[in-house]
Amino acid sequence: MVHKQDGPSRHGTRNGIKAALIALLLLLGSAGALIAASNNPKPGITVQVSPASQSVQQGQSASYTVTVTSTGGFSGAVNLATAGLPAGAAGAFTPSSVTLTSGSNATATLNATTGATTPAGTNALTITGTSGKVSGSVDASLTVNYKMSTAFSVASTPDSVTVPPGATAVYTLQLARNNFPAAVSFSVQGGLPAGATATFSPTPTTGNSSTLQVATTAASPTGSYNLYLVGTGKDSAGKSQYAYANVQLVLDSTIKQFTLSGNVPGTLSPGTSAALDLQISNPNNKSVSLSNLSVAIAGVTRSADATAKNLACTPADFALTQYSGPYPLVAPTGSSSLSGLRLAQSAWPRVGMLDSSRNQDGCKGATLQLTYSGSGQGN
């Protein structure tokens, strides 16, 4: 007896086709929803601020321009607010709200006013625009400095240094005193990149100069940083006086690595100085155009006799004159020197010993530890 195997019924086939069609329609519907969602983004707003940071003295005001932009077809009124202002400071927007149409933008001004007792320091601000459930925000900063005095002022040479992460930037600070003989101490109030440390030498100083060294790490983020430097000293009445300087530090990983070295020729005596014939070592296979050279006194090692007699000698007993030659200074591959590059000795950096009224026997036979900083681009 032969048994006939039944195939799928027409009813089952129709059900299978119907189920497949339903699944396909569901997939097409989902794809259409995704396409519609991508073609119709959710209404929103973005907020931008310029400048991103401001620095003022106590009692002064800072202004920021805030731009609010419609995205995703948003339209409506946007209320503006700020958070993070320090104690004794107030913020006001003009206007306090802006009205947007689809794809448009509008601007307002944030005026941040500080008071005479507002604490000095750098403050992180958040500027927010809100319209119902829609909002956007942007970060800014406000640095408040103590009220600047006329007793002294501070200037930096150079005012900007570009180095690769992991290098040290050197700045020379010059003090201009107005009948102010007291010691002045220095600090960095804000702006250092992550991982960087700042060292002043000397601080405090009764002289007219100090050196700032900013040591970065290989992990310090690239970018441009504005450092806020503060000089502090007390007048004859015991009242604190302040002066400020802003310097820029640029960390650029494309900067070519090279090294600088040099030594003080001979020995120094009070009132004398010596030029430094810097040596430049360029390990790259191309020449490097140097855009900055700086020298700093990292420390002083006294002679054994001065140490035994406990005679003082510090970096404050010396003064530096930075390189004054032309830029860019092209350093070829390998080793070179300022003299080898045919630069006049008058343009070389110099280190001199001050002729002080106090006993300087501690500096006889002393050895200076010098550090160098520079930046350059490959040609």
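Look up: the structure comes first, before these words.
Everything in this summary refers to the structure shown in the same document. The structure presented is a predicted model; accordingly, all values stated were derived computationally and were not measured.

What follows concerns the packing of aromatic side chains. Tallied over the entire structure, the rule returns 3 aromatic pairs. Where F186 meets F200, the ring centres are 5.7 Å apart and the plane angle is 20 degrees; that geometry is what we call stacked. Linking F186 in strand β13 (residues 185–190) with F200 in strand β14 (residues 197–201), this pair joins segments that are 14 residues apart in sequence.

With that out of the way, let us pick up the sheet that holds strand β22 (residues 318–321). Across the sheet, 3 strands lie side by side as β19-β25-β22; this open sheet has antiparallel pairing. Each end of this open sheet is capped by a strand with a single partner; those strands are β19 (273–275) and β22. Strand-to-strand twist across the sheet, computed as the mean angle between neighbouring axes with direction ignored, equals 20 degrees. Two elements, β22 and strand β25 (residues 350–353), share 4 bridges in a ladder whose sense is antiparallel. Of the residues in β25, the one forming a bridge with T321 is R350.

Moving on to the pattern of salt bridges. For the structure shown, the criterion picks out 3 salt bridges. Ionic pairing is found between D305 and K309, a salt bridge with its closest N-O pair at 3.5 Å. By relative accessible area, which is 45% here, D305 ends up partly exposed. Residue K309 is classed as exposed on the basis of its relative accessible area of 53%.

The sheet built from 5 strands is open, its strands ordered β2-β9-β8-β4-β6 with mixed pairing. The strands lining the two open edges of the sheet, one partner per strand, are β2 (53–57) and β6 (97–100). Adjacent strand axes in the sheet meet at a mean angle of 30 degrees when their direction is disregarded. Of the pairings in the sheet, the one linking strand β8 (residues 121–131) to strand β9 (residues 134–145) comprises 11 bridges and is antiparallel in character. Paired with T128 across the bridge in β9 is S137.

Another aspect to go through is the pairing of strand β4 (residues 76–83). Relative to β6, β4 is paired through 4 bridges, and the arrangement is antiparallel. Counterpart to A77 in the pairing with β6 is T99. Strand direction decides the pairing type here: β4 and β8, joined by 5 bridges, are antiparallel. Residue pairing across strands places N79 opposite T130, the latter belonging to β8.

Right, let's get into the environment of S339. Here S339 is to be found in the loop between β24 (334–337) and β25. The sequence separation of S339 and L278 amounts to 61 residues, and the corresponding C-alpha distance is 8.3 Å. If near-sequence neighbours (up to four positions away) are discounted, S339 is found in contact with D277 and W348. A polar side-chain atom of S339 sits 2.7 Å from a polar atom in the side chain of D277. Here S337 takes part through its side chain, which lies 3.1 Å from a polar atom of the side chain of S339.

Let us now look at unusual backbone geometry. P95 follows T94 through a cis peptide bond whose omega is -10 degrees. When you line up the elements, P95 lands in the loop between β5 (90–94) and β6. The residue N179 is not glycine, and still its phi comes out positive at about 55 degrees. Tracing the backbone through its elements, the reader meets N179 in the loop between β12 (168–177) and β13. On the basis of relative accessible area, N179 is assigned to the exposed category, the value being 78%. Phi is positive for N310, which is not a glycine, with a value near 55 degrees. Relative to the elements of secondary structure, N310 occurs in the loop between α2 (304–308) and β22. We classify N310 as exposed; its relative accessible area is 64%.

Conventions and cut-offs
Residues numbered from 1 in each chain as written. Predicted model: local features only at pLDDT ≥ 70, side-chain atom pairs only at ≥ 80, totals over all residues. Heavy atoms only, no water. Phe/Tyr/Trp six-rings, centres within 6.5 Å; stacked < 30°, edge-to-face > 60°. Helix = DSSP H or I, 4+ residues; strand = E, 2+ residues; numbered from the N terminus. Pairing = 2+ DSSP bridges. Axes fitted to C-alpha atoms, helices over the stretch in contact; angles between N-to-C directions. Salt bridge = Lys/Arg side-chain N within 4 Å of Asp/Glu carboxyl O. Buried < 20%, exposed > 50% of the residue type's maximum accessible area, 1.4 Å probe, protein only. Contact = heavy atoms within 4.5 Å. Polar contact = N/O pair within 3.5 Å; in protein donor to acceptor, adjacent residues only side chain to side chain.

Remember, this is a structural readout, not a statement about activity or role.
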